[in-house]
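In case you want the letters, here they are:
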Amino acid sequence: PLVSFVDESESYVHGFEAGMIWQRMQSKEPEIEATVHVANELTIINMANATGYAAEFESVGVDGWSFLRLTLRPARGHLSVVDGKGDE
């Protein structure tokens, strides 16, 4: 690593990892790929739902790690009320 963490707890490491992905989501990258801790999957799913991404996880064959692919979903338009009566 470039910088070692003073707090080497798992929760700190997981939070740092999620924060890096969150920053990329805020930049609206169309696709984000990363290898992540399995413990972060639920947090990443929640972040993806909040920011309009679809999240896919694949096993990398190493216990405790997953390959993550986030894909930005197309923006949805606003809902509008449509009169059910057609022009007659």
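Scope of this entry: the structure provided in the associated data block. Quantities reported herein were computed from a predicted structural model and do not represent experimental measurements.

What counts as what
Residues numbered from 1 in each chain as written. Predicted model: local features only at pLDDT ≥ 70, side-chain atom pairs only at ≥ 80, totals over all residues. Heavy atoms only, no water. Pairing = 2+ DSSP bridges. Helix = DSSP H or I, 4+ residues; strand = E, 2+ residues; numbered from the N terminus. Axes fitted to C-alpha atoms, helices over the stretch in contact; angles between N-to-C directions. Contact = heavy atoms within 4.5 Å.

### What about the sheet that holds strand S3 (residues 65-72)?
Next, step 1: Read across the sheet, three strands follow the order S1-S3-S2 without closing on themselves; strand pairing throughout is antiparallel. Pairing within the sheet leaves two strands with one partner each, and these edge strands are strand S1 (31-37) and strand S2 (53-59). Taken over all neighbouring pairs, the strand axes of this sheet differ in orientation by 25° on average, direction set aside.
Next, step 2: Where S1 meets S3, seven bridges bridge the pair, whose relative direction is antiparallel. When the sheet's bridge partners are listed, Glu31 is paired in S3 with Thr71.
Next, step 3: Across the sheet, helix H1 (residues 10-26) touches S1, S2 and S3, and the angle it forms with S1 is around 175°.
Next, step 4: Contacts from helix H2 (residues 41-51) reach S1, S2 and S3 within the one sheet, and its direction differs from that of S2 by about 155°.

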